Each structure stands twice: as structure tokens, then as C-alpha cells.
Number of protein chains: 2
Amino acid sequence: MASQAAEAGPKKKLVLNAFVEMCSGHQSPGLWRHPEDKSWEFDKIEHWVELAKLLEDAKFHGIFIADVLGGYDVYKKSLEPALVSGAQWPVTEPLAVVPAMAAATKSIGFGVTISTTYEQPYHLARRLSTVDHLTNGRVGWNIVTSYLDSAARNLGREEQPAHDDRYAQAEEYLKVMYKLFNSSWRDDAVQLDRERGVYTAPELVRQINHNGRFFRVPGPHIVHPSPQRTPLLLQAGTSRAGKQFAAQHAEAIFVSAHSPAVVARNIAEVRQIARDSFGRDPTSIKVLALVTPILGATEEEARAKLADYRRYASHEGALALFGGWTGIDLNQYGDDEELRQVESNAVRSTVEGYARFSPHNSKWTKHTVAEHVSIGGNGPVIVGTPAQVADGLETWVREADVDGFNFAYALFPQSFKDIIDLLLPELRRRGLFWDDYAVPGGTYRENFYGVAGQKYPPDNHVAAKYRWRAGVPAAEHQIPE
Amino acid sequence: MASQAAEAGPKKKLVLNAFVEMCSGHQSPGLWRHPEDKSWEFDKIEHWVELAKLLEDAKFHGIFIADVLGGYDVYKKSLEPALVSGAQWPVTEPLAVVPAMAAATKSIGFGVTISTTYEQPYHLARRLSTVDHLTNGRVGWNIVTSYLDSAARNLGREEQPAHDDRYAQAEEYLKVMYKLFNSSWRDDAVQLDRERGVYTAPELVRQINHNGRFFRVPGPHIVHPSPQRTPLLLQAGTSRAGKQFAAQHAEAIFVSAHSPAVVARNIAEVRQIARDSFGRDPTSIKVLALVTPILGATEEEARAKLADYRRYASHEGALALFGGWTGIDLNQYGDDEELRQVESNAVRSTVEGYARFSPHNSKWTKHTVAEHVSIGGNGPVIVGTPAQVADGLETWVREADVDGFNFAYALFPQSFKDIIDLLLPELRRRGLFWDDYAVPGGTYRENFYGVAGQKYPPDNHVAAKYRWRAGVPAAEHQIPE
């Protein structure tokens, strides 16, 4: 099968994921109250199996599952607003549901958010390798370092580690994972040689003997090489430390901002660091933007849908989410207070960021912020006909250099059905989306790059040098430090 | 539906589980070489989905999945014998595959082995509650404290903690789990009240504020009450600390020994401690014995099967497993050395235990031990016609007071097919096994006890007092210490 790149022509074909979390009303708190919404059935296995089948029929690249390990208790210094509104609370564990979805599908990928902060790498490497086997190579790992104190307190710490320390630990964590995934077993170590009675050739498995600042892991990895060995690596950081991390490790970068102009500079910077500091092909890093499309056959119909959704959106839930994302408790401000004039730099610049690209408000109070993020969270809501939404997406591609989108829902699963029924035909008409998987039945990575045989990270990715390849004697493959 | 006990008549109906692990040749190392064996396909999702469907059609109570977190490297002080023979190596993570099996079934339960030694309770409580939701209440937790140094070294320790410390930690671990599962949310906390806009009633969720020697967990639990709240609790310890633990916590106790006489005393002791120290109904604790049946239409055919299997069994793999289970490296002894006369007490008494109930050997060398455990591990192999095997099982019920069996396979899945085709009809003829689940579509616990509505541990189980029941004000339910 030819690569997608060779077939693509002048327009780059988009990578499209559904963006979900194992909670109700993920980026649109409160919409579980809408009569058509089923997001509150997230604890049922059929909910996920049906979603996976729906999206695979439509040829989505993957399902990107967000996660948090604690509650959003910054706003009002209380968990109560999140509890009442159901804003990302309760939240179940995302890796658990992937094998059920995998058993019902063949080609769609699964990007799962898991923190490097609270689980031993040996343990997580085993969980991920297991799921990579069970999905036949369709697992991706969205690497996060966690941002909620509420999670840290429950996992044996007083508060979360300092941001840059989290990244220092994450850097070492990734090294341990690369070693376990790639250096411990040779590609061809499992022989199943019935004549000689050799299940695994003992000279093709070795310890990794990692001795670092945070971790000491002798190995070997307890799981044999899985189809991708390293899961597809996804990352979302746009802080300074986050950019360095993404530029080295991420195969896909997930961005959320209300305007392409905001992310264009970040993306350009990450691509430059990737090329200059890490010798990577900057175009090989795919950037995916959060977007919540609201679609109608006419613009009027789409706008009516949005107005209907807004009747159910929870402002308290939105302020709870905003508090967790930014660390800012907007409850300290009065109902009419203009947030672009308060003392706090962080508040002023965050709200200014919203205001600059939002046409409709002269004054920005906490209620304006709540309305702004209560549907679609920190990303844009693009409302209109299929042509209008496709135009909006093309603007993001042109202005921000993104390669695809993580589509959030307002209503589950109706928003995805609207995308499938209305938007995808328009994107296909424009040559922006494929008709079928590049590699049906292939790994997440093969379909992500559109290249049959691309099961492992590209040769210029840091993981490549860790991989102990078939046929190479141990002495000729030193495990990188 | 009436309780099973009421229908049982004079004979108690057996609880039957399949005993497996996510590795090849679980209790019968080397049998992956047999042309009919498929145990080496353990890394494929269809392998497990098909097993679950097969066993549910036959009305097995559950699938009991063993686990280890490291390799068997005591024998010859090396992992090599386990690598070559494939003896429980590699091993993938068991909880991952449960949702895939659950999506294809309705009534069968899943008992999953997970250690209390290496994962934060808040994290594991979340994983287990998630899977209890996704399985609609069909998860069981086989609580282990781990016994392999090779696991400890990879999980941030120099060696495993001392045995009794592991149990002290496990005791506290269970308390944290009970609090998270049962005390943090009231049964009816999730309201989904669309009129009032209340997803979860905030006054019905509270912190647990656990402050102990090993763990500090404020809570609340991040997952709402699942169908069973507490997974069905399984345990396998028969040490002194293990018995105390089992007598308090276990709803099912898993024993493995070559003779009913060996376990009869242990079982009697655990039941007595359960009654005297913990106020439990001793008959409510179900004891399940490891058995590997080898079945034929005639005794001759069954014996020929066993002889055939023995040709493939790996003695090196068996000695590796024996080393991990006992801590004894038999490689230090000569080929002809009589192990009942060596200096080590541990070796003498272990081998004497085998010899006392094994008819066929006058001399016990390391090779005799290897042959002895290379099929069926540490449990009995019962060979013969369905009537002979059923007689053997009845002997265990009569002499050791067991309530059921964990059936290990020699060949996967053929051994289970033999059990289904040959043994179960005989057991049913004798009134020893049900025709259908007591509660089709019910929870693991309801079917385990045979009582519709028994979703939670019985009222005289320690977990019961942790449960915050519907309708009870917070002030009237103090969280037990």
C-alpha cells in the first residue's frame, strides 16, 4: 500500500481524532442535562464499544482520551461546583476501556492520557505494552505530568512537585520507558521454537540497569516486544519545559487555544527546537488542535443548536474547570468586575487572551469567562454549515500550521454523528480527509503517518536509537544512557 | 430468584473457576510445544474473548487470573530457565483484558490478581472501580502481597519487604480501599437530577482522611459507587499472617496443595479464626482448590493423554517455578541426591510433603520434584474418566471441606473443553454443579453466593461497616478507623 504522503497532492490530509474523557460533559460541563446527551453513560462498556464502531466506520484516526487523577477544587476552594455540575467528576480510568473498544474494531487508534508523576515506570510500561499487544498495535500514550494538587495529595505527596521538577522526572521516566519498551528484548527474541524447546532466546533478553536520579530499574521488561514497541507518543505541553519535552518526544502535539494566532508561534517554536536541538524532521510532528464544531444544514440551524446547548451549559462547572486549568479562583472577583483590569497579571493576560479573539464582548467578567469556556472548553467553537466549519478548519491549518484536530463534543454522541454526517463529506470533497485508513488493520502509528510498515517511531526520533533490532548482536547495540 | 443454598439439598453445589494467567503454559511449563496448545497466544485479544464465551456458555462462575510482577530467577540464580521454557515469562497485565471479555459476556466473573505492595491504593481503587463499572459488577480482586525479589527491585525497592511487614501494609491498604470503595460516596450520591441541575449531591460525597503508618489518603474516591462497590475478595495466603488476613477479608480462599489432608487443617483453622476473631459465618468463606483434571472417555485414554503431555513438559521450567514459589534453588543438589535427607529443613519438609501423598516414587531427587510440579504446578493432577475425576473432586470436598475448584489447564483451551464436554455433565448428574447462573446477568458476588441481590459483602464481613448506605445522613455513618 502506498503512503498517504505520496497520494496527498497539494493539500495535507488531516489527522482527525475524537476527544473524550471517561466522565460526563467533558469540555461542555452541564450538557448531560440536555435530553439528547448520553455522556453520563460513560461508565457503561457499550457506550465506548458503540463509539469506537461509529468512529471507525467513519475512518477517524483515533479516539483521544483525556484524564485527570483528582477533582477540580480550585474555584471556591471546594469540589462542590464540580460535583453539582458533573464537571469532569467522577472520572474513571481510561486505559481500562481500550481493550473492549479494540475487540470490536480493527483500525482505529486509542490515545490514552497517563501521568508520569504517580506510577512506577516498570508498572506503566507493562500496562502499556499489554494494551499494545491486545490492540494489535493501536495504542498511543498522551504523556502528561499532572497539574492538580488534589491528585498529588491522594498519591502520597503533600502537593504536586514543582512544574520543572515534574518535567525533569518526566524526562528520566521516558528514558526508562524507552529502555523497557525497546532495549530489553531484541525484536526477534521470542522464537517459539518447538523443536529445540526455546520459547524466548535467553541471549536476546537483557537487563536495562537504569540508575538515575528518580528511578532505579534493572529490568528486564516483563513483556515481550509489542507490535509498536513504543506507543504512539502524544503530548500537550506548551510551557517552556513542555516545549523542550514535546520537541524531543512528541509525535503528535495537542494544542488548545481560542485562536490560531495564539498557537502559531508555539508550534513554530516547537518545530524549530525539534529540528535544531533534536535533529528531527519538523514536519513529522503532527499538531492537533482542539475544536468543537457545531454543525447545521444551514447557519441558522447551527446557531439555533448552539443557543439550545447554552441553555444547559453549567457556568459553575466551567469556572471549576477554568480553576483547575489555570490555578485561578475567579470566585474572588465581583460579578461585574472587569477581569482585564484586576491586579493579578495571570488573570489579566489569560482573559485578555480570550478577549482578543472573541468578537462579542466589551466587558469580561467571570460570567463572560464562564460562558466562553462552558462549551468547548479552552478551544474554539466553530459554528455553521459544513462549508463554514470546513473553512474555519482550513484557517487553522493555514494560520497555525496544524495537521489535524481533536474534535470535542457538546452532546455525546450526537456531536460526532453531526461531524460524520455533515462535516466529513465536505472535508472529503475538498481533499482534506481520506476515504479509508491508509493501512486497514494496521497500527495506530502506520495510520497516523499514513505509511504502511511505520510501526515504530521514525529513525530520527529519540526512541529509535533505543531499539534493539532483529539480527543485531547485543555487543553492537549499546543501550543509550 | 431463590438462593442457591435453599435449592442445594444435601450436597453443596460447587463454585468452579478457570485458573489462567496472561502467559503461556501457566501451571504446565513447556506445554506450549504441544501441537494442540494455544496458550502462547495469550497476547491476542481473541484468545481471551473466546475463552470467556466458552466458559460462560458452560456456566463457569469465573475466570481466575493469576499474576506475577517479575521473573522466576531463583533456580540457578538466573532467569534463563524461565526464558527458555516460557515458564510464566513473559507475563502481561491481567486487569487490561477483563473489559474485553466483559463486553462479550453477561454473567461470568473475573478474579484478578493484584498486589498491595507496589501501587498506591488511590490509584488501584480507581482502576478496580472502573472495571467493576465496565463489567457491570463482575470483578473480583485476588489480593496478594507479592513474593518475588525480581519484582521488588524493579519497583523502587532493593528487595521485597519482609513477609509480615507486607501483611501489615496489606492490612492498612485494605482499610484505605474499603474507605474509598464504600465510605466516600453514599450509595445514592449520583442523582442526575436534570431539573435541579444536580449531577452528584455534594453532601453525599466526603473525604475519607485516612492517616496511617503507610498511607495518607484524604480522598474522596474519584469514582462513584460501582455495582459491587467492593470487588469480590479472593485471597491465597496460608502463612500465619496470611491466615489472619484471609479469615478477616477473604470471601474466597484459594489453596494449592497436592493432597486434601494438607489443606484440611489450614481450612479448619481459617474458618475458626473467621468465626472467633472476626464474627463471620465460617461457611460463608468459600475455599477453592487448585486441580488439573486430565480427562478421557476411558481411564486408559486419560492416562495416555497425561503420558503425551509429559513428553512436552519442561523440567527446567518446573524447577524455575518451584524456586519462585519456595525460594529454594534445587540446582545446588546433585542429580541423584535424595532431597528428604539434605541439610535444609525447608527442602526436606517441602519434598516430604510431596512424597507423602505421591504413590509412585521411592526416591525424591530434583528430577522427581520437577516431574511432579511440571504439570498442574503445586496442585493435584486428577486423571481418569469423568466418574473417576468427579470422585476425586468429591474426596476433596469431603476431606478438605473445599467449596469448589480453580481448574488449571494442561493444554489451552483443550483442557477446558474436556472439562466442559466430559466432567461438567457428570458433576451435574451428581447434583454438584448448577445448570445455569443463579442470577443471569448479575454480579460476580451474586452468582458466587448464589443469592440475587447480594451485590455487596455479607453484613458480617468487615467491609459492610464501611458502606455508607442510601438514606443514611453523614453524621449517622462514621467512617471506621
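Since we're looking at a predicted model, the values are computed, not measured.

It is worth spelling out the overall build of chain A at this point. Within chain A, the regular secondary structure consists of 16 helices and 13 strands. For 481 residues, the compact-globule estimate of 2.2 N^0.38 gives 23 Å, and chain A sits close to it at 22 Å. Counting only C-alpha atoms, chain A reaches 75 × 50 × 45 Å along its principal axes. Taking the contacts inside chain A whose residues are at least 6 apart along the sequence as the reference set, 77% of them involve residues at least 24 apart. Accessible surface for chain A amounts to roughly 16,600 Å². Of this, 47% is attributable to carbon and sulfur atoms.

This paragraph deals with the interface of chain A and chain B. Interfaces are frequently sized by the accessible area removed from exposure as the parts join. Taken together, the 70 residues of chain A in the interface contact 70 residues of chain B. At the boundary of chain A with chain B, total buried surface from both sides reaches about 6,200 Å², with 63% on carbon and sulfur atoms. When the buried area of chain A at its contact with chain B is split by residue, Arg126(A), Asn154(A) and Tyr199(A) rank highest and sum to 12% of it. Where chain A touches chain B, the interface holds two salt bridges. Among the salt bridges present, the one from Arg126(B) reaches Asp67(A), with a minimum N-O distance of 2.5 Å. Elements represented by at least two residues in the side of chain A that touches chain B include exactly α2 (45–57), α3 (80–85), α4 (98–103), α5 (121–134), α6 (149–154), β5 (190–193), β6 (198–200) and β8 (216–217) of chain A.

Here we come to the side chain of Thr92(A). By the element assignment, Thr92(A) lies in the loop between α3 and α4. The buried category is assigned to Thr92(A), whose relative accessible area is 1%. Excluding residues within four positions of it along the chain, Thr92(A) makes contact with Met22(A), Phe42(A), Asp67(A), Arg126(B), Thr130(B), His133(B), Val223(B) and His224(B).

Time to look at the packing of aromatic side chains. Residue and element names in this part refer to chain B. Using the criterion set out here, one finds 40 aromatic pairs over all chains in the structure. The interplanar angle of 55° and the centroid separation of 6.3 Å between the aromatic rings of Trp141 and Tyr173 together place this pair among those described as tilted. Taken together, the residues span a long stretch of sequence, with Trp141 in strand β4 (residues 139–144) and Tyr173 in helix α7 (residues 163–183) at a distance of 32 residues. Accessibility expressed as a relative area gives 0% for Trp141, which makes it buried.

Residues and elements named next belong to chain A. In strand β9 (residues 232–235), alternate side chains face the same way, and those of Leu232 and Leu234 on one face and Leu233 and Gln235 on the other are all buried. Sheet topology places strand β4 (residues 139–144) next to β9; four bridges connect them, and they run parallel. Residue pairing in the sheet places Asn142 in a bridge with Leu234 of β9. Sheet topology note: the β9/strand β10 (residues 252–255) ladder contains two bridges and is parallel. Counterpart to Leu234 in the pairing with β10 is Ala252.

Right, let's talk about the pattern of salt bridges for a bit. Per the counting criterion, the structure on display carries 62 salt bridges over all chains. Note that Lys12(B) is salt-bridged to Asp403(B), the shortest N-O span being 3.0 Å. Remark: Asp403(B) occurs in the loop between α14 (386–400) and β13 (404–408) and Lys12(B) occurs in the loop between α1 (4–7) and β1 (15–21); sequence separation between them is 391 residues. Here Lys12(B) falls in the partly exposed class, since its relative accessible area comes to 30%. As a salt-bridge pair, Arg430(B) and Asp391(B) come within 2.7 Å of each other at their nearest N and O atoms. Here Asp391(B) lies in helix α14 and Arg430(B) lies in the loop between α15 (414–429) and α16 (444–449), a separation of 39 residues in the sequence. Its relative accessible area of 42% is what places Asp391(B) among the partly exposed residues. Each of the salt bridges in this network shares a partner with another, and the network as a whole consists of Asp391(A), Glu394(A), Glu426(A), Arg429(A) and Arg430(A).

Before going further, it helps to spend a moment on the relation of the copies chain A and chain B. Superposing chain A onto chain B takes a rotation of 180° combined with a translation of 0.0 Å along the rotation axis, leaving an RMSD of 0.0 Å. On this basis, the relationship between the two copies can be described by a two-fold rotation axis. Nearest to the rotation axis, the C-alpha of Ala100(A) is located 1.9 Å from it, this being the minimum over chain A.

As a further point, take the packing of helix α9 (residues 260–278) of chain B against α14(B). Residues and elements named next belong to chain B. Remark: α9 packs on α14, axes separated minimally by 8 Å, with the N-to-C direction vectors making an angle of 35°. Handedness of the crossing formed by α9 with α14: right-handed. Contacts between α9 and α14 pair Pro260, Val263, Ala264 and Ile267 from the former with Trp396, Glu399 and Ala400 from the latter. Among the residues making up the contact of α9 with α14, the classes are represented as six nonpolar, no polar and one charged.

Our next topic: α7(B). Along an α-helix, residues three or four apart share an orientation, since each turn contains 3.6 residues. In this model α7(B) runs 29 Å from its N-terminal to its C-terminal C-alpha over 21 residues, within 8% of the 30 Å that 1.5 Å per residue would give. A large share of α7(B) lies buried, amounting to 15 of its 21 residues.

All names here are of chain B. You can see Lys286 is positioned in strand β11 (residues 286–295). Nearest to the buried, unbridged Lys286 among oppositely charged side chains is Asp403, at 5.2 Å. Those residues in contact with Lys286 that sit more than four places away from it in its chain are Val15, Glu251, Ala252, Ile253, Asp403, Phe448 and Tyr449.

Attention now goes to the domain arrangement of chain A. Residue and element names in this part refer to chain A. Per the domain assignment, the segments making up chain A are domain 1 (15–298 + 379–466) and domain 2 (314–374). In this structure, domain 1 and domain 2 have C-alpha centres spaced 28 Å apart. Overall, the association of domain 1 and domain 2 removes approximately 1,700 Å² of surface from exposure, summing both partners, and the carbon and sulfur fraction of that is 64%. For the interface between domain 1 and domain 2, the tally reads two salt bridges. The salt bridge partner of Glu316 is Lys76, with a shortest N-O separation of 2.8 Å. In this structure, the connection of domain 1 to domain 2 is made through seven residue pairs in polar contact (both at pLDDT 80 or more). At three residues, α3 tops the list of elements feeding residues into the side of domain 1 that touches domain 2. In the side of domain 1 that touches domain 2, the residues fall into 11 nonpolar, eight polar and two charged.

Looking at chain A, the pLDDT average stands at 93 and 96% of residues meet or exceed 70. Contacts from residues 1–9 of chain A, a stretch scored under 50 in pLDDT, to residues over four places away or in other chains number 12 contacts.

Once that is clear, we can look at unusual backbone geometry. Residue and element names in this part refer to chain A. At the junction of Gly219 and Pro220, the peptide bond is cis and its omega measures out at -5° in the coordinates. Turning to its location among the elements, Pro220 is positioned in the loop between β8 and β9. Despite not being glycine, Gln88 shows a phi value in the positive range, around 45°. Residue position: Gln88 is located in the loop between α3 and α4. Look at Asn136: it is not a glycine, yet its phi comes out positive at around 60°. With a relative accessible area of 43%, Asn136 lands in the partly exposed category.

What follows is about the pairing of β11(B). Residues and elements named next belong to chain B. When you tally the buried positions in β11, you get 10 out of 10 residues, the bulk of the element. With burial as the criterion, each face of β11 is covered, one bearing Lys286, Leu288, Leu290, Thr292 and Ile294 and the other bearing Val287, Ala289, Val291, Pro293 and Leu295. As paired strands, strand β10 (residues 252–255) and β11 are joined by four bridges and run parallel to one another. Opposite Phe254, over in β11, you have Leu288 as the bridge partner. For β11 and β13, the ladder comprises four bridges, and the chain directions are parallel. Bridge assignment links Leu290 to a residue of β13, and that residue is Asn406. Note: β11 against strand β12 (residues 381–384), four bridges, orientation parallel. Looking at the pairing, Thr292 lines up with Val381 of β12.

With that settled, the discussion passes to the environment of Ala264(A). All names here are of chain A. Following the sequence through the fold, Ala264 ends up in helix α9 (residues 260–278). Given the relative accessible area of 21%, Ala264 is considered partly exposed. For the pair formed by Ala264 and Ala400, sequence separation is 136 residues and the distance between their alpha carbons is 4.0 Å.

Conventions we followed
Residues numbered from 1 in each chain as written. Chains lettered and ligands numbered in written order. Predicted model: local features only at pLDDT ≥ 70, side-chain atom pairs only at ≥ 80, totals over all residues. Heavy atoms only, no water. Helix = DSSP H or I, 4+ residues; strand = E, 2+ residues; numbered from the N terminus. Rg over C-alpha atoms; globule rule 2.2 N^0.38 Å. Contact = heavy atoms within 4.5 Å. Areas by Shrake-Rupley, 256 points an atom, 1.4 Å probe, with all protein chains shown as cover. Buried area = accessible area lost by both parts, 1.4 Å probe. Salt bridge = Lys/Arg side-chain N within 4 Å of Asp/Glu carboxyl O. Buried < 20%, exposed > 50% of the residue type's maximum accessible area, 1.4 Å probe, protein only. Phe/Tyr/Trp six-rings, centres within 6.5 Å; stacked < 30°, edge-to-face > 60°. Pairing = 2+ DSSP bridges. Least-squares fit on C-alpha atoms with pLDDT ≥ 70 in both. Axes fitted to C-alpha atoms, helices over the stretch in contact; angles between N-to-C directions. Left-handed = near helix turned anticlockwise from the far one by under 90°. Nonpolar A, V, L, I, M, F, W, Y, C, P; charged D, E, K, R; others polar. Expected span 1.5 Å × (residues − 1). Lys, Arg positive; Asp, Glu negative; His and termini not counted. Domains from an automatic or database assignment. Polar contact = N/O pair within 3.5 Å; in protein donor to acceptor, adjacent residues only side chain to side chain. pLDDT = per-residue confidence, 0-100.

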